[in-house]
Amino acid sequence: MDELDRKIINVLQSGFPLSREPYAEVAAQMGITETELITRLQCLLDNKTLSRFGPMYDAQKMGGSFSLVAIKVPEEDFDAVAEVVNSYSEVAHNYQRDHKFNMWYVIATETPGQIAEVNREIEQRIGLKVFNFPKLAEYFVGLQLPV
Amino acid sequence: MSFVMATSPVKQASESGHNIHLDDIDRKIIQATQSGLALVSRPYDDIAKDIGISADEVIMRMHNMQQYGIIRRIAAVPNHYALGYKANAMTVWDVPDDRIDELGKRVGALEFVSHCYHRPRYLPGWRYNLFAMVHAHTREEALELVSRIAGLLGEDCRGHDVLFSTRILKKTGMRLIS
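**Student:** Go over unusual backbone geometry, please, and point to the residues and values.
**Tutor:** Of note, the bond from B:Leu123 into B:Pro124 is cis; its omega dihedral lies within 30 degrees of zero at 5 degrees. As for its placement among the helices and strands, B:Pro124 is situated in the loop between β3 (113-118) and β4 (130-136). We note that A:Lys48 has phi near 65 degrees; this positive angle belongs to a residue other than glycine. With respect to the helices and strands, the residue A:Lys48 is situated in the loop between α3 (34-46) and β1 (50-57).

Okay, structure coming up:
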């Protein structure tokens with residue numbers, strides 16, 4: 001990653017225009033060509049420096065439902081439980097954390113009722129209590145990491 | 001380490017509850033862009049052609065979705081790990097319920113906090129009601145950030161914990177509309 005890559009990441013983290021030729025517009029501001037911007041951006045996505053580029057939708061405002069869920073999993077059962085939890089397409093992210101609540105997953109469904117349904121099914125299959133942590137209020141979402 | 005403040009309108013706590021009505025054309029635009037914006041000279045023209053409307057209409061509808069917060073931002077999302085932010089901590093705090101909205105907004109406004117939410121307690125096993133994600137290069141640096149949050153909360157902090165992620169078990173993009 002060189003200086004220009006860094007500059008592209010920093011500029012594009014802060015936003016992107018809704019105009020007919022948005023890449024040309026941003027490239028011009030940066031003093032590079034549209035082709036150079038597009039090529040670099042493709043490369044940063046291909047090598048996973050960027051995880052995505054485009055509009056970020058707030059799924060909750062679109063009617064979807066989300067929750068964060070935690071389980072206290074005995075160490076010896078961890079991988080087997082992870083396999084069950086991960087098998088659900090509704091489970092978008094799942095992280096191991098160093099705490100007695102050691103498994104934390106994010107579940108996304110089209111309706112609020114489905115969250116409880118999937119959690120109940122997981123609970124029955126793994127024989128452990130799942131703790132649902134729906135958001136009661138959102139104070140902030142978003143971060144820009146300067147590189 | 002310095003951070004750039006995000007300037008998106010979601011900086012404030014969102015008004016909970018009501019969803020904005022999306023029609024079929026909006027849904028097609030979402031479908032076409034949910035996994036990313038095309039890396040071509042006129043990306044909105046391409047979407048317009050596929051849907052059978054004008055590029056100006058695509059731009060206008062996406063602009064409206066941005067106004068209503070359905071689109072948080074159009075931007076590049078960096079991969080924390082690839083950029084060296086390897087210490088990702090979920091910090092959790094026990095603060096008075098009647099003060100949480102004010103405190104949550106202040107913690108969320110800290111430049112190193114990426115997500116900040118009020119979530120339920122499960123007493124007696126889980127006393128924490130305020131969740132804030134922080135990202136740092138090292139655990140040491142993350143713990144410094146944790147102490148800054150503790151300082152901000154002052155005596156409203158009745159207890160806290162820090163849960164570092166040790167393994168990503170699953171990470172898929174969410175399909176909003178299939």
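**Student:** With reference to specific residues and values, describe the packing of helix α2 (residues 43-51) of chain B against helix α3 (residues 55-67) of chain B.
**Tutor:** All names here are of chain B. In the contact formed by α2 and α3, the axes pass within 8 Å of each other and the chain directions differ by 105 degrees. Looking at the two axes, α2 sits roughly perpendicular to α3. Contact residues: Tyr44, Asp45, Ile47 and Ala48 in α2; Ala55, Val58, Ile59 and Met62 in α3. Here the residues of the contact of α2 with α3 are counted per class, giving 7 nonpolar, no polar and 1 charged.

**Student:** Before we move on, can you summarise the nonpolar core with the specific residues and values?
**Tutor:** Ranked by internal contacts, the top residues of the largest apolar core, which has 38 residues, are B:Tyr44 and B:Met62. Listed by contribution, the elements that provide at least two residues to this core are α1 (3-13), α2 (22-30), α3 and β1 of chain A together with α1 (24-33), α2, α3 and β1 (71-78) of chain B. Among the elements that take part in this core, α3(B) stands out by supplying 5 residues, more than any other. If we skip the residues at most four places from it in the chain, B:Met62 touches A:Leu18, A:Pro55, A:Tyr57, B:Ile29, B:Tyr44, B:Ile71 and B:Ile74.

About the cut-offs
Residues numbered from 1 in each chain as written. Chains lettered and ligands numbered in written order. Predicted model: local features only at pLDDT ≥ 70, side-chain atom pairs only at ≥ 80, totals over all residues. Heavy atoms only, no water. Helix = DSSP H or I, 4+ residues; strand = E, 2+ residues; numbered from the N terminus. Axes fitted to C-alpha atoms, helices over the stretch in contact; angles between N-to-C directions. Parallel < 35°, antiparallel > 145°, perpendicular 65-115°, else oblique. Contact = heavy atoms within 4.5 Å. Nonpolar A, V, L, I, M, F, W, Y, C, P; charged D, E, K, R; others polar. Core = buried A, V, L, I, M, F, W, Y, C linked by side-chain atoms within 4.5 Å. Buried < 20%, exposed > 50% of the residue type's maximum accessible area, 1.4 Å probe, protein only.

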